[in-house]
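Chain by chain, the residues run as shown.
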Amino acid sequence: MLIFMAKNKISFKLKNRLSELDTLCQKLEGFGESIRLSSKFIFETNLALDELFTNIISYGYSDKKVHQINVTISHQDNELLFSIEDDGIPFNPTEVEEPDLGCTIEECKIGGLGIHLAKNLMDEVCYQRCKDKNILTLRKNIQDSQPAKKRMKG
């Protein structure tokens, strides 16, 4: 795992393996603590990234080969910016239909809750496909302790 760290930015590469979730969590916690984020903020952010990373690993690849997922976390002004870049199957999570949260367990469709959760924990979620890469960019205001109204860009 290659790591680049500056005062307000950390970049690292993970493999498309669920075992890398621990590394993702450790890097986020370490970075969050270094800029004095609350444990609640770190927990919520980690939950969102965990859901998105798990989806990439679980559904993003049609082969069993090892792929790299590039992650960058940066602190700018009063917000954290996250970039997750993978070479998996094209997938835009901002276009995923919102789940019906009022349905019974028997009626509910499988899938989509993790993406819904991640979108609601972040202030902004953007997606683009560039040069055979999925690039997911997330923004979360550091001053907000409660999820705010979300803006989606596809």
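Residues numbered from 1 in each chain as written. Predicted model: local features only at pLDDT ≥ 70, side-chain atom pairs only at ≥ 80, totals over all residues. Heavy atoms only, no water.

Peer 1: Teacher, can you tell me more about the packing of helix α1 (residues 21-34) against helix α2 (residues 39-59) here?
Peer 2: Describing two packed helices takes the angle between their axes plus the distance from one axis to the other. Two numbers describe how α1 lies on α2: the axes approach to 10 Å, and their chain directions differ by 150 degrees. Viewed along their axes, α1 and α2 adopt a mutual orientation that is roughly antiparallel. For the crossing formed where α1 meets α2, the hand is right-handed. When α1 is examined against α2, the residues Leu21, Leu24, Cys25, Leu28, Glu29, Gly32 and Glu33 are found in contact with a partner set consisting of Ile42, Thr45, Asn46, Leu49, Asp50, Phe53 and Thr54. Grouping the amino acids of the contact of α1 with α2 by side-chain chemistry returns seven nonpolar, four polar and three charged. (Axes fitted to C-alpha atoms, helices over the stretch in contact; angles between N-to-C directions. Helix = DSSP H or I, 4+ residues; strand = E, 2+ residues; numbered from the N terminus. Parallel < 35°, antiparallel > 145°, perpendicular 65-115°, else oblique. Left-handed = near helix turned anticlockwise from the far one by under 90°. Contact = heavy atoms within 4.5 Å. Nonpolar A, V, L, I, M, F, W, Y, C, P; charged D, E, K, R; others polar.)

Peer 1: Would you mind going over the environment of glycine 114 with me for this structure?
Peer 2: When you line up the elements, glycine 114 lands in helix α3 (residues 113-121). Judged by relative accessible area, which is 17%, glycine 114 ranks as buried. Taking the C-alpha atoms as reference, glycine 114 lies 7.2 Å from leucine 52; in sequence the two are 62 residues apart. (Buried < 20%, exposed > 50% of the residue type's maximum accessible area, 1.4 Å probe, protein only.)

Peer 1: Explain the pattern of salt bridges to me, please; I cannot follow it from the model alone.
Peer 2: What the rule picks out here adds up to four salt bridges. A salt bridge links glutamate 44 to lysine 40, with the nearest nitrogen and oxygen atoms 3.5 Å apart. Here glutamate 44 and its partner lysine 40 are both found in helix α2, four residues apart, which amounts to about one turn of the helix. Take glutamate 44: its relative accessible area is 11%, and that puts it in the buried class. Judged by its relative accessible area of 40%, lysine 40 falls in the partly exposed class. Between glutamate 44 and lysine 140 there is a salt bridge, and its shortest N-O distance comes to 3.9 Å. (Salt bridge = Lys/Arg side-chain N within 4 Å of Asp/Glu carboxyl O.)

Peer 1: What's the story with the pairing of strand β5 (residues 124-130) in this structure? I'm lost.
Peer 2: Two faces, one strand: in a regular strand the side chains alternate between the faces of the sheet. Direction of pairing for β5 relative to strand β6 (residues 133-141): antiparallel, over a ladder of seven bridges. Residue pairing across strands places cysteine 130 opposite lysine 133, the latter belonging to β6. Joining the antiparallel neighbours β5 and β6 is a turn of two residues, in which lysine 131 adopts a positive phi near 50 degrees. (Pairing = 2+ DSSP bridges.)

Peer 1: What is the right way to read the side chain of asparagine 141 from this model?
Peer 2: Turning to its location among the elements, asparagine 141 is positioned in strand β6. Those residues in contact with asparagine 141, other than ones at most four positions away along the chain, are Phe41, Asn78, Glu79 and Asp123.

Peer 1: Explanation requested: α1 in the structure shown.
Peer 2: Side chains of residues three or four places apart in an α-helix project in the same direction, reflecting 3.6 residues per turn. Taking 1.5 Å as the rise per residue, α1 with 14 residues should run 20 Å; its terminal C-alpha atoms sit 20 Å apart, in good agreement. Backbone geometry just after α1 places arginine 36 at a positive phi near 65 degrees. (Expected span 1.5 Å × (residues − 1).)

Peer 1: Would you mind going over α2 with me for this structure?
Peer 2: For α2, with 21 residues, the first-to-last C-alpha span of 30 Å sits near the 30 Å given by 1.5 Å per residue. Of the residues making up α2, those classed as buried are Phe41, Ile42, Glu44, Thr45, Asn46, Ala48, Leu49, Leu52, Phe53, Ile56 and Ile57.

Peer 1: Would you take a moment to explain the nonpolar core for this structure?
Peer 2: Leu24, Ile69, Ile73, Phe82 and Leu138 are the most contacted members of the largest nonpolar core, which has 31 residues in total. The set of elements that each furnish at least two residues to this core consists of β2 (9-15), α1, α2, β3 (68-76), β4 (79-86), α3, β5 and β6. The leading source of residues in this core is α2, at eight residues. (Core = buried A, V, L, I, M, F, W, Y, C linked by side-chain atoms within 4.5 Å.)

Peer 1: Honestly, the pairing of β3 in this entry has me stumped. Any pointers?
Peer 2: In the sheet, β2 pairs with β3 via seven bridges, with the strands oriented antiparallel. Paired with serine 11 across the strands is threonine 72, a residue of β3. As paired strands, β3 and β4 are joined by seven bridges and run antiparallel to one another. Its bridge partner lying in β4, glutamine 76 is registered against glutamate 79. Hairpin remark: β3 followed by β4, antiparallel, with two residues in the connecting loop; positive phi at aspartate 77, about 55 degrees.

None of this, on its own, says anything about what the molecule does.
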